[in-house]
Amino acid sequence: MKHIYAFESMDEYKKHEDTIQQLCKKLNDYREILEREYALVDLPKGVLWTTEELATTVFSEIPIPAYTNKDLIYMVPDIETWRKIFIKQLDGKKLPHVQRFYENHTESELLIILTHELTQHSDLFLDDFDDEKESGIWFEEGMCFYLPRKILLSEDEFNEITDIERELFEAFKDEYGNHSLKDFGSCSYQGTLSSTMFDYWRSYLAVKFLVEVHANNDIKLVFHEYHKWFKEGKKVTLTEYFDINSLF
């Protein structure tokens, strides 16, 4: 993968150079694991490192400054930008434990976001980038957080971020949890960051349940069942197939 730098000044690039180099090394190590274990065959052509402004107004209008398409991963390496985004997720709710976590763990969460984008290129997911994502986008998004967290974080770190996202899920479920998991993104029209992120938290928790409870910690068994559902013609929704409609 190429690494492409889109900054408006050399000083701006140099401010983030060390962070980018550290992330690139860890991304490369994670890439090797995906290639070996999780069917990463066709890599994106590169990672485009840029600023929040360029990511969300020039290259795209996506409000969160990390995303991928068939060719490129777009990523903002600025830790302060991400810290503000993480805190903004609270939408004014008093969740001091959550706020402290993001104030102190922004760098590790930045790595998870980057590796989440790479995980989306795995051939284990059955929708192509040009598809309408009809094969369970909640499953793909949830698994793309579960895999890098499980692989890259210590057990304590993994449990901590799980507790944080469970707390966020519980805090916002009365506002945003009245739609099915299969209708991923249906609350994002409300325009708040928490309404957009709610389905990501919920999808991660659902995938964690599938792996650790439903499949007794066998990630590949979950993928096997997902592929079986797809090959049998998707006769029911994926949430019905896994029988988790009432849980999340």
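What counts and how
Residues numbered from 1 in each chain as written. Predicted model: local features only at pLDDT ≥ 70, side-chain atom pairs only at ≥ 80, totals over all residues. Heavy atoms only, no water. Helix = DSSP H or I, 4+ residues; strand = E, 2+ residues; numbered from the N terminus. Buried < 20%, exposed > 50% of the residue type's maximum accessible area, 1.4 Å probe, protein only. Areas by Shrake-Rupley, 256 points an atom, 1.4 Å probe, with all protein chains shown as cover. Lys, Arg positive; Asp, Glu negative; His and termini not counted. Charge placed at Lys NZ, Arg CZ, Asp CG, Glu CD. Polar contact = N/O pair within 3.5 Å; in protein donor to acceptor, adjacent residues only side chain to side chain. Axes fitted to C-alpha atoms, helices over the stretch in contact; angles between N-to-C directions. Parallel < 35°, antiparallel > 145°, perpendicular 65-115°, else oblique. Left-handed = near helix turned anticlockwise from the far one by under 90°. Contact = heavy atoms within 4.5 Å. Nonpolar A, V, L, I, M, F, W, Y, C, P; charged D, E, K, R; others polar. Salt bridge = Lys/Arg side-chain N within 4 Å of Asp/Glu carboxyl O. Expected span 1.5 Å × (residues − 1). 1 Å grid on protein atoms, 1.4 Å probe; cavity = no way out; pocket = protein on both sides within 12 Å on 5 of 7 lines; lining within 4 Å. Points joined across faces, edges and corners; volume = space filled by probe spheres on them. Pairing = 2+ DSSP bridges. Bend = angle between axes of the 7 residues up to and from the residue. Phe/Tyr/Trp six-rings, centres within 6.5 Å; stacked < 30°, edge-to-face > 60°. Lys NZ or Arg CZ within 6 Å of the ring centre and 35° of its normal.

A.B. asks: Would you mind showing me how to read the overall build of the protein chain here?
C.D. replies: From N to C terminus, the protein chain includes 10 helices and 4 strands. Reading the secondary structure of the protein chain in the N-to-C direction produces β-α-β-α-β-β-α-α-α-α-α-α-α-α. Dimensions of the protein chain, computed from the C-alpha atoms along their principal axes, are close to 55 × 45 × 35 Å. The buried share of the protein chain, taken over its 248 residues, is 50%. Element-wise, carbon and sulfur atoms account for 46% of the exposed surface of the protein chain, whose accessible area totals about 12,400 Å². Counting 28 positive and 48 negative side-chain charges, the protein chain places the averaged centre of each group 2 Å from the other.

A.B. asks: Quick question: what am I supposed to make of the side chain of Asp78 here?
C.D. replies: Counting through the fold element by element, Asp78 comes out in the loop between strand E4 (72-75) and helix H3 (79-88). Side-chain polar atoms of Asp78 contact the side chain of Thr81, separated by 2.5 Å.

A.B. asks: I tried to follow the packing of helix H6 (residues 137-152) against helix H9 (residues 219-231) on my own but got confused; where do I start?
C.D. replies: Running from amino to carboxyl end, H6 crosses H9 at an angle of 165 degrees, the nearest separation of the two axes being 13 Å. Taken together, H6 and H9 sit at an angle that is classed as roughly antiparallel. In the packing of H6 onto H9, the handedness of the crossing is left-handed. Facing H6, whose interface residues are Phe139, Met143, Tyr146 and Leu147, H9 presents Ile219, Val222, Phe223 and Tyr226. Its residues assigned to classes, the contact of H6 with H9 comprises 8 nonpolar, no polar and no charged.

A.B. asks: For this particular structure, what's the right way to read the pattern of salt bridges?
C.D. replies: Opposite charge on two side chains makes pairing possible when the charged atoms of those side chains draw close. Throughout the structure, instances matching the rule amount to 15 salt bridges. Across the pair Lys25 and Asp29 runs a salt bridge whose closest N-O atoms are separated by 3.5 Å. In this pair, Lys25 and Asp29 both sit in helix H1 (residues 10-37), 4 residues apart, roughly one turn of the helix. Here Glu37 makes a salt bridge to Lys220, at a shortest N to O gap of 2.9 Å. On the criterion of sequence distance, the pair formed by Glu37 in helix H1 and Lys220 in helix H9 is long-range, its members being 183 residues apart.

A.B. asks: How should I be thinking about helix H5 (residues 106-119) in this particular structure?
C.D. replies: For an α-helix, the turn length of 3.6 residues means that residues three or four places apart are oriented alike. A rise of 1.5 Å per residue sets the reference length of H5, with its 14 residues, at 20 Å; its end C-alpha atoms lie 20 Å apart and thus fit the reference within 8%. Thr106, Glu109, Leu110, Leu111, Ile112, Ile113, Leu114, Thr115, His116, Glu117, Leu118 and Thr119 are the residues of H5 that are buried.

A.B. asks: Could you clarify how one ought to interpret empty space enclosed by the protein in this entry?
C.D. replies: Counted under the stated rule, the structure contains 1 cavity of 30 Å³ or more. What the largest cavity holds in volume is close to 40 Å³. Phe101, His105, Ser108, Glu109, Leu153, Glu157 and Ile161 together form the lining of the largest cavity. Secondary-structure elements contributing two or more residues to the lining of the largest cavity are H5 and helix H7 (155-176).

A.B. asks: Would you explain the sheet that holds strand E2 (residues 46-50) in this entry?
C.D. replies: Sheet strands line up and pair through hydrogen bonds in the backbone, either parallel or antiparallel. Reading across from one edge, E1-E2-E4-E3 is the order of the 4 strands in this open sheet, with mixed pairing throughout. The two strands at the open ends of the sheet, each matched to only one other strand, are strand E1 (2-6) and strand E3 (66-68). Taken over all neighbouring pairs, the strand axes of this sheet differ in orientation by 15 degrees on average, direction set aside. Sheet topology places E2 next to E4; 4 bridges connect them, and they run parallel. In the strand pairing of E4, Val47 is matched with Ile73. Each of E2, E3 and E4 is contacted by H5, which is oriented at about 160 degrees to E4, the strand it contacts most.

A.B. asks: Would you explain H1 in this entry?
C.D. replies: End to end, H1 covers 38 Å across 28 residues, agreeing with the expected 40 Å (1.5 Å per residue, within 8%). The sharpest bend along H1 measures roughly 50 degrees and falls at Glu17. Regarding H1, the residues found buried are Tyr13, His16, Thr19, Ile20, Leu23, Cys24, Leu27, Tyr30, Arg31 and Leu34. At the C-terminal side of H1, Ala39 shows a positive phi close to 55 degrees.

A.B. asks: Help me understand the packing of aromatic side chains, please; the structure alone is not making it clear to me.
C.D. replies: Working definition: an aromatic ring pair is given by the centre-to-centre distance plus the angle between the planes. Applying the stated criterion to the full structure yields 26 aromatic pairs. Relative to Tyr204, the ring of Tyr146 has its centre 6.3 Å away and its plane inclined at 35 degrees; by these criteria the two rings are tilted. Of this pair, Tyr146 sits in helix H6 while Tyr204 sits in helix H8 (residues 193-214), and the two are 58 residues apart along the sequence. Tyr204 sits in the buried class, given a relative accessible area of 0%. Centre to centre, the rings of Phe169 and Phe198 are 5.4 Å apart; their planes meet at 20 degrees, and the pair counts as stacked. Highlighted residues: Phe169 in helix H7 and Phe198 in helix H8, separated in sequence by 29 residues. Across the pair, Phe198 and Phe169 agree in class, each one buried. Members of the aromatic cluster, connected to one another through ring pairs, are Phe125, Trp138, Phe139, Phe223, Tyr226, Trp229, Tyr241 and Phe242. Seen from the ring of Phe158, Lys150 lies directly overhead, with NZ or CZ sitting 4.4 Å from the centre.

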